[in-house]
Amino acid sequence: MRSLFALSSFRIAMFGMLAGSSLLATHARAAEVASDANEAAVEFADEAGVDKLEVAAVEEVSAAIVADADIATVVVNTRNRLEKLQDVPVSVSVVEGTELTRLIATDMSTITQRAANISWNQGNSRTSSLSIRGIGKQAQTDAQDPSVGIIVDGLAYAYNPLSSFDFTDIEAVEVTRGPQGTLLGKNATLGVLNIRTRRPSFTPDAYYSIALGQNDRVIGIAAGGGPVTDKLAWRGAFSVDKGDGDYSNAYNEDFSYKNKDNVSGRVQFLYTPTDNFDALVKLEIQPRHAEFYNGWVFYKPTPTTYSDGTPTNLNTDASTRLARRWFRQDTQYSYERDYLNSKHVNLDAQQPLVTSSRGATATLNWRFGEHTLTSVSGYKDFYFQARNDEGTPFDASKNGGGHVEYDQISQELRLSSPVGGAFDYQTGVYFLKTSNDYDSGSGYGSDAGAWFATPTQYDLLDKNSNGRYLMENSLNGLNQKPLQKIRNETAAVFGQTNWHISEPLTLTTGLRFTQENRRNRVSKLVYSNGYGSELNPVQVNGVQLGGFATNSNGRLTDNANSAEQLALADATANKYFGVASYNDLSDEQFRQIAAAKAIRQSQIGVLWNEVEGETFKEVQPTYIISPSYRINEQVTTYLSYQYGEKAGIAQVTNGYSNLAKPEKNSSYEVGVKTALLDNTLTFNIDVFLADIDDYQQAVFVLDEYTSNLNPINPPTYISATGNADKVRTKGVEIDAFYSGIQNTTIRFSGAYNDAYYRKFTNLGQPPEVNLNPVAPPGQPALPALPRYRDVSGQNLPGAAKWTGNVGIDYRLPILNDKELHLSGNYAYTSRYNSDITLSSYGWTKAYGIADAAIGVGTRDGRFEASLIAKNVFDEDQSQVITWNSWIPVPERWLGVVFTGRL
């Protein structure tokens, strides 16, 4: 007889397949699926020697799920066991893999457009993040935990960028809201997005999808597997996505922005050697690939006045810089035509982002009577390299950008009791270790001096060829970067119990204790002096740079230079002016050297040798209390209180430790889950309120380095990751499925969400505020404004009040064994402020993105051809906007898709 787990795996496969069918099939189609499921079960049993009682159990499960197209029995794995969505007493959204496949929804942006109150916050593959209920959209740091956890096939991702790749051959995506961690994996304060890919099966299966579309886009997906022996099964998935982008680069038209260059592969093996043991091993790889989307920003003119009506300081604006003679020599370039263009970019130094990831997961299950012991061992890594540009074709920024080498290893042991009786439970231990070496350098080219000079510095140096030589060398070839060595360890014990107090009443309780140990060693040093090392300062913050000491006028500082430094000064005078002795320079030449040195020092900024920030080491709790009451077979109500904490952040700001406090979330929820209209309508609704203390985001903190330089002046503050005192989010969420219209299924989700600061007194001032107001003539001087402000009561950046999405699937039988298929999804987002400073210029208008497909194929799924459109109505709204830049939503894309089953 085949092992019990083999039968269990078969049941899991049937649950997943039938749950998907229950969402997308008609009544007649559901009956066919049920019949096919039972036939497959009997065939499986005949081959394996499983007795008829076990076959009957499988038939009962399959019939229960698909009878009468009963979408109320959608099955989820939110709590590590297969159970009806309606029985889970927390807010959960489910998106089936078949829907994602039809509309080629493979990345996080398109996946999250199909669930309620979750969004993907666009950045590059290192800076993007997920948010739930309007929380989590603030800029992330590499030392910070994700606010929304991501779990893929049981492996928790402890680093946001691991989710930046494509996901294919998906069985289902589940979004669970509120603090999580009492069941498995890494704890998360806002919720979890759980992705389940299709597992190996002992029933042969294979499918393919090929899409050809605009911008020479080719998307190929193939997946399949089956038995190797009677105890070993496999499944593989391979995808490739290549094509040009929507926006050309006028500097080099061989490259385009928003191009695609993704390849990924995954293989899984399921081994069932005995009745009491099984092993699932997964290997995956996303090889290094290059895509142009960092710096995907379009510019608009900087406003000419501040909010108080005074003229804007445009001394460092691109319009001022590009008007300089140095840049006007290129007569083919225009500020208005090129820099402000919204259809193409013109960049010389921008390089594609190079990313890659590899992973391995081993999931082992031992059955001891009716208990199961599960071990999940996982490894995941991430590589990232960026080379950025300042936004022009001139040689200003060069070889600057971020570089990441990250890896994590984790081990989980989990014990599960049988379901039923007076109570059932799950408990376990979890260990995670991560390593992240991250540097983010700044590099400069031959035009950088002219670009970064102030107007006074530029006018002085551009007077003659000697000054221009100084200006060129002031930054040319210079490269400096901070390096973070982030080392985190997590150890946890967790458990969750369902207390079956009576037939209709169940109380769910869960508790977790997590020991967090966070360390971060940081340095910031000059790694290349380039062509102007003689213009270096003597030292910065104790880091010796080898320059000679001068005053603000460029003259040698009395008694401050050694013989070697005086010799360097003389060599500098000779290099730039042909003068043997530095003291023989003219006053203007002294000032020119001072200006060049000032340009260099301003870009070098603060340096420091490696220091270790304050370690965060603390035991943090997570818990849940959630009673649920089944009023009848169609209506279940629940209450829940969830509490969770996110670890503090070990970090360094300008050479000084800047430990961010842990974030604490108390979440309350009341919900009703219903199955109405003869189980053709599932309608779930919940009301929630969450209070978050010490919310981690950008704040103004004391700049100890600068304040210590000027101890007699008021303290200086700087923007860095810290804590907003109190944040609240409250609202209503709806998830619904309807199959009461013949040949049609409709999925709907929506949310009203009010996320705001209850108390936050140190957010940075927006750019439209004049920090140094000028008094009218004859009036006393006005004091400088503080660089931060109180925004208590205001909504969080990125938090839209209204979001919603509708998915429709229509199948019309035609020509005997054929069917016409129409699918669509529309995702709506109301207006929100996308600027971290809550600038009045940061408001993004409401917008909606529609995807659609129409096709014809065989009813058995053997072949289908479809036309597909993403962003059907070519919505051109900004998704991020600041006071002088904006980022649009992706443009419309059209393609043809061929899919089939082998």
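Quick caveat, the model's predicted, so the values are computed rather than measured. (Residues numbered from 1 in each chain as written. Predicted model: local features only at pLDDT ≥ 70, side-chain atom pairs only at ≥ 80, totals over all residues. Heavy atoms only, no water.)

Asks: Can you help me understand the overall build of the protein in this one?
Replies: Check the secondary structure of the protein and you find 14 helices and 46 strands. Whereas a compact globule of 902 residues would reach a radius of gyration of roughly 29 Å, the protein reaches 30 Å, a difference of no more than 12%. With the C-alpha coordinates aligned to their principal axes, the bounding extent of the protein is approximately 105 × 55 × 55 Å. When each of the 902 residues of the protein is scored for burial, the buried share is 57%. Counting only contacts in the protein whose residues sit at least 6 apart along the sequence, the fraction spanning at least 24 positions is 70%. When the accessible surface of the protein is summed, it comes to about 36,100 Å², and 55% of that surface belongs to carbon and sulfur atoms. (Helix = DSSP H or I, 4+ residues; strand = E, 2+ residues; numbered from the N terminus. Rg over C-alpha atoms; globule rule 2.2 N^0.38 Å. Buried < 20%, exposed > 50% of the residue type's maximum accessible area, 1.4 Å probe, protein only. Contact = heavy atoms within 4.5 Å. Areas by Shrake-Rupley, 256 points an atom, 1.4 Å probe, with all protein chains shown as cover.)

Asks: Explanation requested: the pattern of salt bridges in the structure shown.
Replies: A side chain with one charge can pair with a side chain of the opposite charge if their charged atoms come near. Counted by the stated rule, this structure contains 48 salt bridges. In this structure, Asp261 and Lys242 form a salt bridge, with 2.3 Å as the shortest nitrogen-oxygen distance. Here Asp261, found in strand E15 (residues 260–274), pairs with Lys242, found in strand E12 (residues 232–243); they are 19 residues apart in sequence, far enough to count as distant. Sharing partners across several salt bridges, the network here consists of Arg133, Arg177, Glu669, Asp686, Glu733 and Asp735. (Salt bridge = Lys/Arg side-chain N within 4 Å of Asp/Glu carboxyl O.)

Asks: When you look at the packing of aromatic side chains in this model, what are you seeing that I'm missing?
Replies: The description of an aromatic ring pair rests on the distance of the ring centres and on the angle between the ring planes. For the coordinates displayed, the defined rule picks out 29 aromatic pairs. Between Phe277 and Trp366 the ring centres are 5.3 Å apart and the planes differ by 45 degrees, which places this aromatic pair in the tilted class. Of this pair, Phe277 sits in strand E16 (residues 277–291) while Trp366 sits in strand E19 (residues 351–368), placing them 89 residues apart in sequence. The class for Trp366 is partly exposed, based on a relative accessible area of 29%. In this structure an aromatic cluster arises from ring pairing among Tyr159, Phe165, Phe382, Phe384 and Tyr406. A cation over an aromatic ring shows up here: Arg133 above the ring of Phe688, its NZ or CZ 4.2 Å from the ring centre. (Phe/Tyr/Trp six-rings, centres within 6.5 Å; stacked < 30°, edge-to-face > 60°. Lys NZ or Arg CZ within 6 Å of the ring centre and 35° of its normal.)

Asks: Got a minute to help me understand the packing of helix H11 (residues 465–473) against helix H13 (residues 587–604) in this structure?
Replies: Two quantities define a packed helix pair, namely the angle between the axes and the distance from one axis to the other. One way to put it is that H11 packs onto H13 with a least axis distance of 9 Å and a crossing angle of 15 degrees. Compared by their axis directions, H11 and H13 come out roughly parallel. Helix-helix and strand crossings are classified by hand; for H11 and H13 the assignment is right-handed. Residues Gly467, Leu470 and Asn473 of H11 lie in contact with H13, whose contacting residues are Gln592, Ile593, Ala596 and Arg600. (Axes fitted to C-alpha atoms, helices over the stretch in contact; angles between N-to-C directions. Parallel < 35°, antiparallel > 145°, perpendicular 65-115°, else oblique. Left-handed = near helix turned anticlockwise from the far one by under 90°.)

Asks: What's the story with the pairing of strand E35 (residues 744–759) in this structure? I'm lost.
Replies: Note: strand E34 (residues 717–738) against E35, 13 bridges, orientation antiparallel. Directly across from Ile734, in E35, lies its bridge partner Gly750. Count of turn residues in the E34/E35 antiparallel hairpin: 5 residues, of which Asn743 carries a positive phi of about 70 degrees. For E35 and strand E38 (residues 802–814), the ladder comprises 9 bridges, and the chain directions are antiparallel. Bridge assignment links Ile746 to a residue of E38, and that residue is Ile808. (Pairing = 2+ DSSP bridges.)

Asks: What's the story with the sheet that holds strand E17 (residues 298–299) in this structure? I'm lost.
Replies: What links the strands of a sheet is backbone hydrogen bonding, and the strands pair in either a parallel or an antiparallel sense. Taken together, 3 strands build an open sheet; the order of strands is E17-E45-E44 and the sheet is antiparallel. Of all strands in the sheet, those with a lone pairing partner are E17 and strand E44 (878–881), marking the two edges. Here 2 bridges tie E17 to strand E45 (residues 885–888), and the two strands are oriented antiparallel to one another. Residue pairing for E45: Tyr299 is matched across the bridge by Ser885.

Asks: Quick question: what am I supposed to make of the sheet that holds strand E13 (residues 247–249) here?
Replies: One open sheet holds the 3 strands; their spatial order is E14-E13-E18, and the pairing between them is mixed. Of all the strands in the sheet, the pair left with one neighbour each is strand E14 (256–257) and strand E18 (344–345). As paired strands, E13 and E14 are joined by 2 bridges and run antiparallel to one another. Its bridge partner lying in E14, Ser248 is registered against Ser256.

Asks: Would you mind showing me how to read the packing of H11 against helix H12 (residues 563–577) here?
Replies: Axis separation between H11 and H12 bottoms out at 9 Å; the angle between their running directions is 120 degrees. Each of Asn466, Tyr469, Leu470 and Asn473 in H11 lies in contact with H12, whose residues at this interface are Lys575, Tyr576 and Phe577. Its residues assigned to classes, the contact of H11 with H12 shows 4 nonpolar, 2 polar and 1 charged. (Nonpolar A, V, L, I, M, F, W, Y, C, P; charged D, E, K, R; others polar.)

Asks: Please clarify how H12 should be interpreted in this entry.
Replies: A turn of α-helix holds 3.6 residues, and therefore any two residues three or four places apart point the same way. Over its 15 residues, H12 runs 21 Å from end to end, which matches the ideal 21 Å to within 8%, given 1.5 Å per residue. Taken together, the buried residues of H12 touch H11 and H13. Of the residues one or two after H12, Gly578 is the one with positive phi, at around 70 degrees. (Expected span 1.5 Å × (residues − 1).)

Asks: Is there a simple way to think about the pairing of strand E43 (residues 863–870) in this case?
Replies: The two faces of a sheet get side chains in turn, since along a regular strand they alternate between them. As paired strands, strand E42 (residues 847–858) and E43 are joined by 7 bridges and run antiparallel to one another. Paired with Val856 across the strands is Ala865, a residue of E43. The antiparallel pairing of E42 with E43 creates a hairpin that spans 4 residues between the two strands, and Gly861 there sits at a positive phi of about 80 degrees.

Asks: It is not clear to me how the side chain of Asn341 should be interpreted in this structure. Could you clarify?
Replies: Counting through the fold element by element, Asn341 comes out in the loop between helix H8 (335–339) and E18. You can call Asn341 buried: its relative accessible area is 18%. Separated by 3.2 Å, the side chain of Asn341 and the backbone oxygen of Arg337 make a polar contact. With residues near it in sequence (within four places) discarded, Asn341 still touches Phe298 and Glu336. (Polar contact = N/O pair within 3.5 Å; in protein donor to acceptor, adjacent residues only side chain to side chain.)

Asks: What is the right way to read H13 from this model?
Replies: Spanning 18 residues, H13 covers 26 Å between terminal C-alpha atoms, matching the ideal 26 Å at 1.5 Å per step. Packing partners of the buried residues in H13 comprise helix H9 (448–452), helix H10 (455–461), H11, strand E23 (479–500), strand E24 (505–528) and H12. Note on H13: the residue one or two positions beyond its end, Gly605, has a positive phi of about 65 degrees.

Asks: Would you mind showing me how to read unusual backbone geometry here?
Replies: For residues that are not glycine, phi is negative in most cases, and the peptide bond is trans in most cases. Residue Asp678 is not a glycine yet carries a positive backbone phi of 55 degrees. Residue placement: Asp678 occurs in the loop between strand E32 (663–676) and strand E33 (681–702). Residue classification places Asp678 among the exposed positions, given a relative accessible area of 73%. In this structure, Asp874 is a non-glycine residue whose phi angle is positive, near 55 degrees. In this structure, Asp874 sits in the loop between E43 and E44. Accessibility expressed as a relative area gives 33% for Asp874, which makes it partly exposed.

Asks: It is not clear to me how the environment of Asn762 should be interpreted in this structure. Could you clarify?
Replies: You can see Asn762 is positioned in the loop between E35 and strand E36 (763–764). The exposure class of Asn762 is buried, given its relative accessible area of 18%. Apart from residues no more than four positions distant in its own chain, Asn762 is found in contact with Val699, Phe700, Asn723, Tyr788 and Arg789.

Asks: Whenever I open this one, the side chain of Asp851 confuses me. Can you help?
Replies: Topologically, Asp851 is positioned in strand E42. Of the polar contacts made by the side chain of Asp851, one reaches the backbone nitrogen of Asn871; its length is 3.0 Å. If near-sequence neighbours (up to four positions away) are discounted, Asp851 is found in contact with Leu103, Gln113, Arg114, Ser823, Gly824, Asn825, Ala869, Lys870, Asn871 and Val872.

Bear in mind that shape data such as this cannot, by itself, settle questions of function.
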